[in-house]
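Listed here are the chains, written in short residue letters.
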Amino acid sequence: MKALITGSRGFAGRHLSAELISNNYTVYGIDLHKDENTTAVDILDRQAIRECIKSIKPDVIFHLAAQAEIPLSWKKPQLTFEVNVIGTVNLLEAVREENPACRIVLIGSADQYGVTGIVKPISETVTLSPKNPYAVSKKAQEEMALLYVKAYGLDICMTRSFNHCGPGQSLGFIASDICSGIVAIEQGKAEDLKVGNLEAIRDFTDVRDIVKAYRLIGEKGVSGEVYNVGSGIGIKIQEVLNTLINMVECEIVVTADKDRMRISDTPVVVCDNTKLAKHTGWSPVIPIEATLREALEYYRLL
């Protein structure tokens, strides 16, 4: 099986590549920047992405390339829409023209649900109500994909992925920002740890469990269907912070930072992964404590 990963040098992309290789896939990667395992292709370049699909003829594409930072989406909404919507349309058009039998796994976000008022796990049937530019762009991406399924018969499965974390995650996300801040205190580079909303409840899953779900969706998912990907366990951000603080020996002074409070934040977001489990047999196996410990160690080694 030949697999193409867009955004292959990103956090999830690197882990997905390892997951696929360990399951006997031949993996091709494209990203904005080239390395020994990646070809430099900008998904906003229609001709370049078309030539890529024509040359590789992948059996499955995992479309991870995105502008995924919510704070940045408020600052640069145009860029967010260009990458997440126009870039996706470029990919869909390339597949339609050059390799229409290929399966696509299109990665979306739980942020598409927005403020639901639901405290129980959220299923795929919940009405989408995105509350930030990133989430709106992901909703638009998904709607375009559904249109291509219905109009052209493309084989596309979509995800709404909940928070994932682990070693290698960049800054700009909850767990990585806390880990980086703690390490800065350990190394004497900061006096306190600045945090945002600690009362929010989120569904955290190890990135290696997440990418296993992506592989299984590629293998067993039903075309035209959307799958929630997440552990199904809600954890308050305060608990994540406490778990990490308990892993260090120095004193951690925590300071509330209004600049880290999002313009629109959802109190509770927990995944109902029943559909994913039923269709693919997936379930998470890596405990959050192990994930956070490895993430903390990653920043210590930088």
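What counts, and where the lines are drawn
Residues numbered from 1 in each chain as written. Predicted model: local features only at pLDDT ≥ 70, side-chain atom pairs only at ≥ 80, totals over all residues. Heavy atoms only, no water. Helix = DSSP H or I, 4+ residues; strand = E, 2+ residues; numbered from the N terminus. Buried < 20%, exposed > 50% of the residue type's maximum accessible area, 1.4 Å probe, protein only. Contact = heavy atoms within 4.5 Å. Pairing = 2+ DSSP bridges. Core = buried A, V, L, I, M, F, W, Y, C linked by side-chain atoms within 4.5 Å. Right-handed = clockwise from strand over helix to strand, strands pointing away.

> Requested: an account of the environment of Phe62, with residues and values cited.
If you trace the backbone, Phe62 turns up in strand S4 (residues 60–63). For Phe62, a relative accessible area of 0% translates into the label buried. In the structure, Phe62 is positioned 56 residues away from Thr6 in sequence and 6.4 Å away in space, judged by C-alpha atoms. Those residues within four positions of Phe62 in sequence are excluded, and the remaining contacts are Ala3, Leu4, Ile5, Thr6, Leu16, Leu20, Val105, Tyr214, Arg215 and Gly218.

> Talk me through the pairing of S4; I want residue IDs and the actual numbers.
In S4, alternate side chains face the same way, and those of Val60 and Phe62 on one face and Ile61 and His63 on the other are all buried. Pairing analysis gives four bridges linking strand S1 (residues 2–6) to S4, with the strands arranged parallel. Bridge assignment links Leu4 to a residue of S4, and that residue is Ile61. As paired strands, S4 and strand S5 (residues 103–109) are joined by four bridges and run parallel to one another. Residue pairing in the sheet places His63 in a bridge with Leu106 of S5.

> Tell me about the nonpolar core, residues and numbers included.
Judged by nonpolar contacts, the single largest core of 26 residues is most densely connected at Leu4, Ile49, Ile53, Ile61, Val95 and Ile156. Listing elements by their share of this core, those giving two or more residues are helix H2 (46–56), helix H4 (77–98), S5, helix H5 (133–152) and strand S6 (155–161). Setting aside chain neighbours within four positions, we find Val95 in contact with Ile53, Ile61, Pro100, Cys102, Ile104 and Leu154.

> Please provide a residue-by-residue account of the pairing of S1, values included.
For S1, the buried fraction is high: four of the five residues fall into the buried class. Pairing geometry for S1 and strand S2 (residues 26–31), over five bridges, is parallel. Bridged to Lys2 within S2 is Thr26. With respect to chirality, the unit in which S1 leads through helix H1 (residues 11–21) into the neighbouring parallel S2 is right-handed.

So far we have only geometry, and geometry alone does not tell us how the molecule works.
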